[in-house]
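# A look at the structure
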Amino acid sequence: MMVSESQNSVKLHTLDISQPLKHQSSSLSSLAETCRTWGFFYITNHGISNDLHTKLHSISKDLFSLPSETKLKLGPLSSTRTYTPPFIASPFFESLRVSGPNYVASAQSSADILYDQHNSPLFSEILQEYGSKMEELSKKIVEILLMSLGDGFEKKYESEFKNCHGYLRINNYTPPESLEDHGHDHDDDQVEGLGIHTDMSCVTIVYQLDETGGLQVRSKEGKWMDITPCEGTGVVVNIGDMLQAWSNDKLRSSEHRVVLKQPKNRYSVAFFWCFEDDKVVLAPEEVVGEGNMRMYEPFVCLDYLKFRENNERGKFEKVGFTVKDFAGIK
Ligand SMILES: O=C(O)CCC(=O)C(=O)O
Ligand SMILES: [Fe+2]
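A short tour of the structure in this document, coming up.

Rules behind the numbers
- Residues numbered from 1 in each chain as written.
- Chains lettered and ligands numbered in written order.
- Predicted model: local features only at pLDDT ≥ 70, side-chain atom pairs only at ≥ 80, totals over all residues.
- Heavy atoms only, no water.
- Axes fitted to C-alpha atoms, helices over the stretch in contact; angles between N-to-C directions.
- Helix = DSSP H or I, 4+ residues; strand = E, 2+ residues; numbered from the N terminus.
- Parallel < 35°, antiparallel > 145°, perpendicular 65-115°, else oblique.
- Contact = heavy atoms within 4.5 Å.
- Nonpolar A, V, L, I, M, F, W, Y, C, P; charged D, E, K, R; others polar.
- Donors = N, O, S within 2.8 Å, 3.2 Å for Na, K, Ca; no water.
- Buried < 20%, exposed > 50% of the residue type's maximum accessible area, 1.4 Å probe, protein only.
- Phe/Tyr/Trp six-rings, centres within 6.5 Å; stacked < 30°, edge-to-face > 60°.
- Lys NZ or Arg CZ within 6 Å of the ring centre and 35° of its normal.
- Disulfide = S-S within 2.5 Å.
- Near = heavy atom within 4 Å.
- Polar contact = N/O pair within 3.5 Å; in protein donor to acceptor, adjacent residues only side chain to side chain.
- Expected span 1.5 Å × (residues − 1).
- Arc of directions from axis to C-beta.
- Salt bridge = Lys/Arg side-chain N within 4 Å of Asp/Glu carboxyl O.

Helix α5 (residues 122–149) packs onto helix α1 (residues 25–37) with a crossing angle of 95° between their chain directions and a minimal axis gap of 9 Å. Here α5 runs roughly perpendicular to α1, going by the angle between their axes. Across the interface between the two elements, L28, L31, A32 and C35 of α1 pack against I144, L145, M147 and S148 of α5. Of the residues that constitute the contact of α1 with α5, the class distribution is seven nonpolar, one polar and no charged.

Okay, here's the thing in structure tokens:
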């Protein structure tokens, strides 16, 4: 996995998740720095086998190649509402949501409708395997991020993060046939697959299922960096709004987007690890640190999710509506 900024390259931290926590200490300060400045990092040795990767890719392709009227049975007007059709987040983006902790049940209820009961249980089994792997990874990642904040902070895991829950979204990006005709948003021959946004999670694990690339992260100065998948490693982590607020800005919620530069479909899976809806998000005293200013008023998690939804009318984030706008102390 590489990051490139035009000709220059920027070094983002790579976290080897297979190492025991106590062996991570040497690299914790580099991780903390990357999280403070970018809110984005890579993980290696994440334990997702090539086999699982191939299966995920293949079920994603099958799923999105179904006719629109079939997919719309799960659309915004259905009772299930697990499918986001094109023209909601962007004309080129569609997505299927699978909720934890019972990923198999959630996936199966969508599959029953999509495949009219004729599909094999494989679809939901693969998503169950992937969902539980992602939960395990997310827990480890949060623990390591807490350690990166300083000595003793990992103790906060039990009191603050043990009720987190996850859901995932399988995404498909279909660029227009001629990129040139649509390239007015950005430079030359590229279109926005998913506009600039921050995630509302604590952490999000993004898996780019092919070599297309297009995921970009914005620096504090407003420069875009490409996050290009290299063979075998499609996995990146980004910090979400909840962790930014909870850490009193010690961890930055990454601003990212997806651009489409090639005339071919792009598949990805994003796993969101979130606080429970009724949690009051408030940075603990120790995290704020003596003499430092508190950056956010306490807020209830669900109230922020509603704030985002109301401001976007179901669309994805416009960076004008973030947790800073909602609860930031001016
Ligand atoms: O498709 C990707 O690579 C990123 C998706 C994303 O940012 C999201 O679903 O929030
Ligand atoms: Fe995102």
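Here we take up the coordination of the iron ion (ligand 2). Bound to the iron ion (ligand 2) are the protein donor atoms H197 (NE2), D199 (OD) and H256 (NE2), situated 2.1 to 2.3 Å from the metal. Of the residues examined, H197 reaches a relative accessible area of 5% and is grouped as buried. A residue is classified by how much of its surface remains accessible, and D199, at 6% relative accessible area, is buried.

Counted according to the given criterion, the structure contains 14 aromatic pairs. Judged by centre distance (5.2 Å) and plane angle (65°), the ring pair of F93 and Y173 falls under edge-to-face. Taken together, the positions of F93 in strand β5 (residues 93–99) and Y173 in strand β6 (residues 165–173) put the pair 80 residues apart, joining distant regions of the chain. There is no split in this pair, since F93 and Y173 are both buried. Three or more aromatic residues link up through ring pairs in this structure, and these residues are Y157, F161, W246 and F275. Here the guanidinium or amino end of R97 rests over the ring plane of Y167, the centre of that ring lying 3.8 Å away. The cationic tip of K279 hangs over the ring face of F275; the distance from NZ or CZ to the ring centre is 4.9 Å.

So, on to the state of the cysteines. Inspection of every chain in the model, using the stated rule, returns zero disulfides. Of the cysteine sulfurs around C164, a residue in no disulfide, the closest is that of C202, at 4.4 Å. Between C301, a cysteine without a disulfide, and C274, which holds the nearest cysteine sulfur, the sulfur-to-sulfur distance is 7.2 Å. A relative accessible area of 2% places C301 in the buried class.

Near ligand 1, the surroundings consist of 14 residues, among which R169, Y173, H197, R266 and S268 are the closest. At a separation of 3.1 Å, an oxygen atom of ligand 1 approaches a polar side-chain atom of H256. The side chain of R266 places a nitrogen or oxygen atom 2.8 Å from an oxygen atom of ligand 1. Listing elements by their share of the shell around ligand 1, those giving two or more residues are β6, β7 (191–197), β12 (256–260) and β13 (266–274). At four residues, the largest contribution of residues to the shell around ligand 1 is made by β13. Here the shell around ligand 1 is composed, by residue class, of seven nonpolar, four polar and three charged.

Residue G100 is joined to P101 through a cis peptide bond whose omega torsion reads 0°. Among the secondary structure elements, P101 is positioned in the loop between β5 and α4 (103–114). Located in the positive-phi region is F87, a residue other than glycine, with phi close to 80°. Structurally, the position occupied by F87 is in the loop between β4 (83–84) and β5. Assessed through its relative accessible area of 66%, F87 is described here as exposed.

Another point: α4. Over its 12 residues, α4 runs 16 Å from end to end, which matches the ideal 16 Å to within 8%, given 1.5 Å per residue. Within α4, burial applies to Y103, S106, A107, S110, A111 and L114. Angularly, the buried residues of α4 cover 130° about the axis, an arc narrow enough to put them on a single face. At its buried positions, α4 is contacted by α2 (50–64), α3 (68–71), β5, α5, β6 and β13.

For the rest of this paragraph, the subject is the pattern of salt bridges. Counting across every chain of the model gives 12 salt bridges. With a closest N to O distance of 3.8 Å, R294 and E285 form a salt bridge. E285 gets classed as exposed once you look at its relative accessible area, which sits at 60%. One connected set of salt bridges, linked through shared partners, spans R218, R252 and E255.

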